[in-house]
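# What the coordinates show
Chain residues, written in single-letter form:
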Amino acid sequence: MSTAEERGSGGVVITGEEWERLVSAALVGTDRRPVPGLLGKAAAHTAGTRAGQRLHRGEPLPIASPEEQPLVPRAAGERAARILGGEHPRLLPEWLEAAAARGYRLPSKLIPSVLDQGARDRSLRPPIGVLAGARGRWLASLNPSWAYLLEEASAHLPATGSGPPGTVGSPPPGGPPAGGASPDAGDPLAGGTALDAGGPPAGGVSPAGGGSPGMGGGPAVEGTGGPGEPGMGGGDGEGPDDVSVPTHPLWEFGTRGDRLSYLRSLRTADPVGARALLLRSWDEESPEDRAAFVHVLAEGLSMADEPFLEAALDDRRREVRGQAADLLTRLPDSRLGRRMAERAARCLRLAGDRLVAEPPASCDAAMERDGVRARAPGGTGPRSWWLQQIVAHTPLGFWTGHFGRTAKQIVALNNGDWSREVRLGWERAAVLQNDATWARALFAVEPLTDLLAVLPPGERADKAAELVRDQPVDGQLIMMLGGVPAPWGAALAKAVLEKILDTVERQPWNLGELVRLAGERVDPAFHPIAARLSLEPPVQEVAATLRFRSDMLAELEAGA
């Protein structure tokens, strides 16, 4: 019915003019403009408007594709429901990762709750993409809040790439295979490289600029006008026309996550083939996909990738240029590495036992092309920002060759007024270039989690255990331990449990996060040892969490 025909409480007709008066009174307040029964009339109007709407003919929803993945074992599904219900909620990421690695799918009953978790936490989305199955993707197509799932990989691809390109992964979702299982089949809960230490090679550092043939005194590279052109196959002389790359349904028709997962697997098995596959479709890829795909070249990175990455510095997308610059930094003989080394030599010089810094006066177009961002973040001066980025993108081997000293000796030098910027640049470079020697020297000065992650696993655990023994329980220690991935081995587990016992009598209020971290990161096989160590409640809490994780992983393994 029309607005003029709507009736208020008691059958009184509310005309359009009367409705305007009600709105006006509500805005200015009934103290200034009294209207008897204002809320009742407004409620009647709203109900009448809804009831008076014409119904439209609905369309039946599409049917979810048949499921292809096995359902998680019943016990594992029940434990997931307990976690989602609030029992050890911080263990949800570990459960999702473990279940996805085994190729399971979620019970239908849990899919909405898990999709809600992924909507709030991006880090959970990759395993959810595998676990949601066909029904989860069907639900995601109907709810904008869950649409992220449609971009995630739908299959867990092995990281080892053991088969030929045409055999990696599985067909994309959408078309069910012959004999596919129904969505509810078997568902018990349904319905309810470190760099070499040498300096730049003979021939010196090339002029800043880049992209032109013959940069850096090396041989001219044909086809460096942009990715996708002939000759961009790399320094091995192989271009995209020289490598036969079979097509695969995941690459041709899969989601962005499917394609990224397939490219990673192919890169592990066949680096040249993966690069050729990427070159073949580069010009048709979206800017977002180019930024994601170029990072895949970090696996098996070599000088064969240098021409492609050098040309990617001219990409319109800043993220693509940044990824390419980061990877080229790991190649000391790359043209970018040589250009950055030349800039670094102008910015830092050795005067006795002291480093003298002279940051660049401006950020020119050549620097921006090489990944130096002109605009500094808030609170940072522009020259300070430019110096930090130049140092971060200079091959670390340049410094040892240029100064004739070891990494440890260089880090110990007095850097004067610009010491913070230089140190931050070296720390970033050690992480980008995965250089354990420099990470070790820098960690001794400032124990950062990012540097710890560069060290070999055994040394990383020993360094972390040493810090746990020597430092009090504070925010810095918790932050450092938060960056040490699970599972923690015996040395670190022992140090953390002893620290808990040492602190429980003096500062029991300060143990909460350390106890939770220990329960989540220590190898769950140590739960009997932790239970016997002490009857103190914090230690028993760690033991109980470890036992929960041990049972959780055993349940998932039982059906694998």
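Here we summarise the structure given alongside this text.

Definitions and limits used
- Residues numbered from 1 in each chain as written.
- Predicted model: local features only at pLDDT ≥ 70, side-chain atom pairs only at ≥ 80, totals over all residues.
- Heavy atoms only, no water.
- Buried < 20%, exposed > 50% of the residue type's maximum accessible area, 1.4 Å probe, protein only.
- Helix = DSSP H or I, 4+ residues; strand = E, 2+ residues; numbered from the N terminus.
- Contact = heavy atoms within 4.5 Å.
- Salt bridge = Lys/Arg side-chain N within 4 Å of Asp/Glu carboxyl O.
- Axes fitted to C-alpha atoms, helices over the stretch in contact; angles between N-to-C directions.
- Parallel < 35°, antiparallel > 145°, perpendicular 65-115°, else oblique.
- Left-handed = near helix turned anticlockwise from the far one by under 90°.
- Nonpolar A, V, L, I, M, F, W, Y, C, P; charged D, E, K, R; others polar.

Here we come to helix H7 (residues 133-140). The buried count for H7 comes to 7 of 8 residues, which makes it a mostly enclosed element. All buried positions along H7 are accounted for by Gly-133, Ala-134, Arg-135, Gly-136, Arg-137, Leu-139 and Ala-140. In this structure, the buried side of H7 is in contact with helix H5 (111-120) and helix H6 (125-131).

Before going further, it helps to examine the pattern of salt bridges. All told, the structure shown has 33 salt bridges when counted by the stated rule. Among the ionic pairs, Arg-339 bridges to Glu-310, the shortest N-O distance being 3.2 Å. Remark: Glu-310 occurs in helix H12 (residues 306-312) and Arg-339 occurs in helix H14 (residues 335-347); sequence separation between them is 29 residues. Across this residue pair, the class does not change: Arg-339 and Glu-310 are buried. Here Arg-369 makes a salt bridge to Glu-310, at a shortest N to O gap of 2.9 Å. A residue pair is termed long-range when its members are at least 10 positions apart, and Arg-369 in helix H15 (residues 365-369) and Glu-310 in helix H12 qualify at 59 residues. The two residues Arg-369 and Glu-310 agree in class, both being buried.

A few words now on the packing of H14 against helix H17 (residues 396-403). Two elements in contact, H14 and H17, have axes separated by 10 Å at closest approach and are oriented at 45°. One element, H14, and the other, H17, form an angle in the oblique class. The handedness of the crossing between H14 and H17 is right-handed. For the pair H14 and H17, contact is made by Ala-341, Ala-344 and Ala-345 and by Phe-398, Trp-399 and His-402, respectively. Taken together, the residues that form the contact of H14 with H17 break down as 5 nonpolar, 1 polar and no charged.

Such coordinate-based values are descriptive only and should not be taken to indicate function.
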